[in-house]
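Architecture and fold: a report
Residue strings, one per chain:
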Amino acid sequence: FKLFSIPGRFAFDLVSTMVLAAVAYIIGKGMGSKCSFEAVFKIFAYTGCLHVLAAVPGMQFITPVYSLVLIYLGLRKFVDLSTYKTALLLVLLT
């Protein structure tokens, strides 16, 4: 057990969520979205909380799929792109 493993993991998750949200925001703006970075960041931050459920036996296969579904639904609603553009954005991010 390392003392700094939990804060280090938290910092890594925070930075990676911010980078992923920034990339999604930039691509979304290029596709004609009028959303704010804050809205996109919230989508990725809230779905990032699902990683806690991956510790439950049997859930490590369900949570990534459910996370992608929630990201798609969140982007579809808040980024205000068409269904196809939202799906393309999700494919470009994964």
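Residues numbered from 1 in each chain as written. Predicted model: local features only at pLDDT ≥ 70, side-chain atom pairs only at ≥ 80, totals over all residues. Heavy atoms only, no water.

1. What to know about unusual backbone geometry
Both trends apply: most residues other than glycine have a negative phi, and most peptide bonds are in trans. Despite not being glycine, Asp80 has its phi angle at roughly 60°, a positive value. For Asp80, the location among the structural elements is in the loop between helix 3 (62-79) and helix 4 (83-93). (Helix = DSSP H or I, 4+ residues; strand = E, 2+ residues; numbered from the N terminus.)

2. Some details on the environment of Thr94
Secondary-structure assignment places Thr94 in the segment after helix 4. It is 9.1 Å that separates the C-alpha atoms of Thr94 and Leu68, two residues lying 26 residues apart in sequence. Side-chain polar atoms of Thr94 contact the backbone oxygen of Val91, separated by 3.3 Å. (Polar contact = N/O pair within 3.5 Å; in protein donor to acceptor, adjacent residues only side chain to side chain.)

3. A closer look at helix 4
Within helix 4, burial applies to Thr86, Leu89, Leu90 and Leu93. Angularly, the buried residues of helix 4 cover 95° about the axis, an arc narrow enough to put them on a single face. For helix 4, the exposed residues lying more than 90 degrees away from the buried face are Tyr84 and Val91. (Buried < 20%, exposed > 50% of the residue type's maximum accessible area, 1.4 Å probe, protein only. Arc of directions from axis to C-beta.)

4. A few points about the nonpolar core
The nonpolar side chains of a soluble globular protein tend to be buried with one another. Judged by nonpolar contacts, the single largest core of 14 residues is most densely connected at Val40, Phe44, Leu75, Val79 and Leu89. For this core, the secondary structure elements donating two or more residues are helix 1 (5-30), helix 2 (37-48), helix 3 and helix 4. Non-local contacts of Val79, meaning those with residues more than four positions away in its chain, are made with Ser33, Lys34, Cys35, Val40 and Gly74. (Core = buried A, V, L, I, M, F, W, Y, C linked by side-chain atoms within 4.5 Å. Contact = heavy atoms within 4.5 Å.)

5. Some points on the packing of helix 3 against helix 4
Between helix 3 and helix 4, the least distance of the axes is 10 Å, while the angle of their chain directions is 135°. Taken together, helix 3 and helix 4 sit at an angle that is classed as oblique. You can see that helix 3 and helix 4 cross each other, and the crossing is right-handed. Together, Leu68, Ile71, Tyr72, Leu75 and Arg76 of helix 3 and Thr83, Thr86, Ala87, Leu89 and Leu90 of helix 4 make up the contact between the two elements. Grouping the amino acids of the contact of helix 3 with helix 4 by side-chain chemistry returns seven nonpolar, two polar and one charged. (Axes fitted to C-alpha atoms, helices over the stretch in contact; angles between N-to-C directions. Parallel < 35°, antiparallel > 145°, perpendicular 65-115°, else oblique. Left-handed = near helix turned anticlockwise from the far one by under 90°. Nonpolar A, V, L, I, M, F, W, Y, C, P; charged D, E, K, R; others polar.)

6. Let's talk about the packing of aromatic side chains
Geometry of an aromatic ring pair is reported as the spacing of the ring centres plus the angle between the planes. Counted according to the given criterion, the structure contains two aromatic pairs. Taking 5.9 Å as the distance between ring centres and 85° as the angle between the ring planes, the aromatic pair formed by Tyr25 and Phe37 counts as edge-to-face. In this pair, Tyr25 sits in helix 1 while Phe37 sits in helix 2, placing the two residues 12 residues apart along the sequence. By relative accessible area, Phe37 is classed as partly exposed at 31%. Three or more aromatic residues link up through ring pairs in this structure, and these residues are Tyr25, Phe37 and Phe41. (Phe/Tyr/Trp six-rings, centres within 6.5 Å; stacked < 30°, edge-to-face > 60°.)

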